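# Residue-level structure breakdown
Listed below, chain by chain, are the residues.
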Amino acid sequence: MSETWTQIAYLAAAVLFILGLKQLSSPRTAPRGNAVSALGMAVAVLATLAAEGILGWPIILAGVVIGSGIGALAARRVQMTAMPEMVALLNGFGGAASALVAAAELLRHAAAASGSGEAVAEPLVPGSVVATAIVLGTLIGAVTLTGSLVAYAKLAQRMPGAPLTYPGQQAVNALIGLGIAALCVFVALEPMELPVYWGLMAASLVLGVLLVIPIGGADMPVVISLLNAYSGLAACATGFVLGNSGLVISGSLVGASGIVLTKIMCDAMNRSLANVLFGAFGKAPEVGASAAADQGTVKGYTPEDAAVIFSNASSCIIVPGYGMAVAQAQHAVRDLADLLEAQGLEVRFAIHPVAGRMPGHMNVLLAEANVPYDKLVEMDEINPQFPETDVALVLGANDVVNPSARTEKSSPIYGMPILDVDRAKHVFVIKRSMNPGFAGVQNHLFFNDNTMMIFGDAKKVVLALVEAIKAY
Ligand code: NAP
């Protein structure tokens, strides 16, 4: 394939990526967006394979077979609730690939320069774009690899999820950061000094660990989104190393969309990125008002009690949270919504942007259960409607409906926008116990006069509620 056709194919792939990304912004068009982006990736991969490369077909095929096999197996096995861990690992592999390609390219040039390897078409010029890209691909790729592995270990509970902090930590990280910046400049100007290059690689791997250990488990999805952006930027740098415009474009798109998603998530939690990265959020709180105060008593109800309230209601807002994902209650809740509608109630679902454990978690689950998209209402739009609503049904959600976020300055979730379920006339909360949610704080909502707790697994309770409403 000629160079011109390769570049045209990369351009076509870039157009498909951009169209795909645009369609991913709405649940209705997202499946098509995925297919369009996958087609773009297929075009880019085929164009790269058809262009003249330095690897032979047997090695490429071996990589494709082994990589696809492991990927397909992992994707089939992963539980929906473990998706963020899986994404963390995949980001890490992306970073590793970029760092390895950067290192391999440097070694190829070093071997050519010393006369022990094949000659290269264009020798590596100190301080050039390629030398700088090798440095950036190595730095960002290595930080992404180890940072993502720590994120994975925290989410998979293979290491403590709480922030690991020590006195002077930020100063130590800043000093290491400065040292790495100096190494980067040195390697870009003297790329053939291989021991210094390996020093940069090792220091970058350590930096990835140091940057992520002080971040709490609750913030991990934000960090993963940021690491996803890093993996894109590392791939973009590798594109410059290899002179591959397809990689430059796809890496930039991943980098930019990861940064936009990170910003959306921070905004939804009313936190700055600096606070997420350096705030050690989720560290065991000082015994604060919300943890220690006598909060009163909670009222436990049965599905049969709830059926009585539903029989007099004309509107219901269902608020799903992480517990719906754990219980896999989405199909049961769809049946409940259908039943309530058949009985004349207006039913909608309130979607908090960070409900669950990954962006769009609730949308994905409800779409799987074929809940119509127009029934899913975003937080800002549904909040004014709670005061006129007869029943708010909170299904395995906790932090995203915690009113302390509005008022309690000492609470770690203070300032996070929440769904105003406490303003509905009646509130049912379905969860298994009084245990807190991901942020680790108790929820005043459960003690309110208009709140009725129905304890149990979300799916079992919803199924029982359906039976009770039918029988009433
Ligand atoms: P949450 O605050 O973590 O609470 C989930 C609740 O579900 C728990 O209190 C738990 O109580 C209950 N639960 C668990 N398994 C259950 C089951 N089988 N049946 C019934 N209930 C069950 O969840 P959330 O309200 O969805 O809030 C999400 C949290 O994650 C927020 O703090 C958010 O900031 C954080 N976060 C999310 C994202 C994201 O992208 N979505 C990103 C960053 C951070 P029991 O154990 O008593 O049952």
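On to the packing of aromatic side chains. Two aromatic rings, taken as a pair, are described by how far apart their centres are and by the angle between their planes. Summed over the entire model, instances satisfying the criterion amount to two aromatic pairs. Ring centres of Tyr197 and Trp198 lie 5.2 Å apart, and the angle between their planes is 70 degrees; this geometry places the pair in the edge-to-face category. The class of Tyr197 is buried, set by a relative accessible area of 1%. Residue Trp198 is classed as partly exposed on the basis of its relative accessible area of 39%. Ring geometry for Phe310 and Phe428: centres 5.9 Å apart, planes at 20 degrees, overall stacked.

Taken in spatial order, the six strands of this open sheet run E3-E2-E1-E4-E5-E6, and their pairing is parallel. In the strand order of this sheet, the two ends are held by strand E3 (376–378) and strand E6 (451–455), each with one partner. Strand after strand, the sheet turns through a mean of 25 degrees between neighbouring axes, direction not considered. Sheet topology note: the strand E5 (residues 426–431)/E6 ladder contains five bridges and is parallel. If you follow Val427 over to E6, its bridge partner there is Thr451. Packed on one face of the sheet, helix H14 (residues 330–342) meets strand E1 (315–320), strand E2 (346–351) and strand E4 (391–395) and runs near 145 degrees to E2. Here helix H15 (residues 361–368) sits on the sheet and contacts E1, E2 and E3; the angle it forms with E2, its principal contact strand, is near 140 degrees.

Let's shift gears to the nonpolar core. With 90 residues, the main nonpolar core has Phe310, Val319, Phe349 and Phe386 as its most contacted residues. In terms of residue count, helix H18 (residues 458–471) provides more of this core than any other element does, seven residues in total. When residues of this core are assigned to domains, at least three fall in each of domain 1 (78–278) and domain 2 (300–471). Excluding anything up to four places from it in sequence, Phe310 contacts Cys316, Leu340, Leu345, Val391, Phe428, Leu465 and Ile469. With 22 residues, the next largest nonpolar core counts Ala99, Ala102, Leu124 and Val143 among its residues.

Right, let's talk about the side chain of Ser225 for a bit. Looking at the secondary structure, you find Ser225 in helix H8 (residues 220–242). Given a relative accessible area of 6%, Ser225 falls into the buried group. Polar side-chain contacts of Ser225 include one of 3.3 Å to the backbone oxygen of Gly258. Excluding residues that lie within four positions of it along the chain, Ser225 makes contacts with Gly258, Leu261, Thr262 and Met265.

It is worth spelling out the packing of helix H5 (residues 129–155) against helix H6 (residues 169–189) at this point. The geometry of H5 relative to H6 is characterised by a closest axis approach of 8 Å and an angle of 145 degrees between their N-to-C directions. Seen along the crossing, H5 lies across H6 with a hand that is right-handed. Across the interface between the two elements, Ala131, Thr132, Val135 and Leu139 from H5 touch Ile180, Cys184, Val187 and Ala188 from H6. Of the residues contributing to the contact of H5 with H6, the split by class is seven nonpolar, one polar and no charged.

Looking at the ligand, there are 30 residues lining it, with Gly356, Asn398, Asp399, Arg432 and Ser433 nearest. In the model, an oxygen atom of the ligand is placed 2.8 Å from a nitrogen or oxygen of the Arg432 side chain. Here an oxygen atom of the ligand sits 2.6 Å away from a polar atom, N or O, in the side chain of Ser433. Across the complex, the protein chains shield 97% of the 920 Å² of accessible surface that the ligand would expose by itself. Looking at the shell around the ligand, the element that brings in the most residues is helix H13 (residues 322–327), giving four residues. Class assignment of the residues belonging to the shell around the ligand gives a composition of 16 nonpolar, nine polar and five charged. Domain assignment of the residues forming the shell around the ligand places at least three in each of domain 1 (78–278) and domain 2 (300–471).

With that settled, consider unusual backbone geometry. Positive phi outside glycine occurs at Gln157, with the angle close to 55 degrees. Here Gln157 is to be found in the loop between H5 and H6. On the basis of relative accessibility, which here comes to 70%, the residue Gln157 falls in the exposed class.

Another aspect to go through is the environment of Ala104. Structurally, the position occupied by Ala104 is in helix H4 (residues 83–114). When its relative accessible area of 44% is taken as the criterion, Ala104 is described as partly exposed. Here the alpha-carbon distance between Ala104 and Trp57, two residues 47 residues apart in the chain, equals 18 Å.

This part covers the domain arrangement of the protein. Domain boundaries in the protein define domain 1 (78–278) and domain 2 (300–471). Distance from the C-alpha centre of domain 1 to the C-alpha centre of domain 2: 39 Å. Each partner contributes residues to the interface: domain 1 has 13 residues there, and domain 2 has 17 residues. Of the roughly 1,200 Å² buried between domain 1 and domain 2, counting both surfaces, carbon and sulfur atoms make up 79%. When the buried surface of domain 1 facing domain 2 is broken down by residue, Met80, Thr81 and Ala268 rank first, second and third, together holding 44% of it. Counting every contact that joins domain 1 to domain 2 gives zero salt bridges. Summed over the shared surface of domain 1 and domain 2, the number is zero residue pairs in polar contact (both at pLDDT 80 or more). Broken down by secondary-structure element, the contributors of at least two residues to the side of domain 1 that touches domain 2 are H4 and helix H9 (245–268). Sorting elements by how many residues they give to the side of domain 1 that touches domain 2 places H9 first, with four residues.

Reading the values: rules and limits
- Position numbers for residues start from 1 in each chain and track the written sequence from start to end.
- Totals for whole chains, interfaces and linings use all residues, but because this is a predicted model, local features are given only for residues with pLDDT of at least 70 and pairs of side-chain atoms are given and counted only at 80 or more.
- Excluding hydrogens and water, the side-chain values take into account all heavy atoms of the structure.
- Stacked, edge-to-face and tilted are the three classes for Phe, Tyr and Trp ring pairs, Trp counted by its six-membered ring, which pair at centre distances within 6.5 Å; planes under 30 degrees apart are stacked, over 60 edge-to-face, the rest tilted.
- Buried means the residue's accessible area, taken with a 1.4 Å probe over protein chains only, is under 20% of the maximum for its type, while exposed means over 50%, and partly exposed covers the values in between.
- We call two strands paired when DSSP finds no fewer than two bridges between them.
- Counting from the N terminus, the helices are the DSSP runs of H or I reaching at least four residues and the strands are the DSSP runs of E reaching at least two.
- For every element, the axis is a line fit to its C-alpha atoms; helices are fit only across the contacting stretch, and the angle between N-to-C directions ranges from 0 to 180 degrees.
- Working rule for contacts: check all heavy atoms of both residues, and any pair within 4.5 Å makes them a contact.
- Remark: nonpolar core denotes a set of buried residues (Ala, Val, Leu, Ile, Met, Phe, Trp, Tyr, Cys) joined through side-chain atoms within 4.5 Å.
- Boundaries of every domain are those given by an automatic assignment or by a domain database.
- Residues adjacent in sequence count toward polar contacts only when both atoms are side-chain atoms; beyond that, a polar contact is any pair of N or O atoms within 3.5 Å, and within protein one must be able to donate a hydrogen and the other to accept it.
- Two helices cross in a left-handed way if the nearer one is turned anticlockwise from the farther one by less than a right angle. They cross in a right-handed way if the turn is clockwise.
- We call Asp, Glu, Lys and Arg charged. Ala, Val, Leu, Ile, Met, Phe, Trp, Tyr, Cys and Pro are nonpolar, and the rest, Gly among them, are polar.
- Throughout this document, a residue counts as near a molecule or strand when at least one of its heavy atoms sits within 4 Å of that molecule or strand.
- Only the protein chains shown count as cover for residues, and all accessible areas are computed by the Shrake-Rupley method using a 1.4 Å probe.
- Two parts placed together each lose some accessible area under a 1.4 Å probe, and the buried area is that loss summed for both.
- What makes a salt bridge here is a side-chain nitrogen of Lys or Arg within 4 Å of a carboxyl oxygen of Asp or Glu, nothing more.

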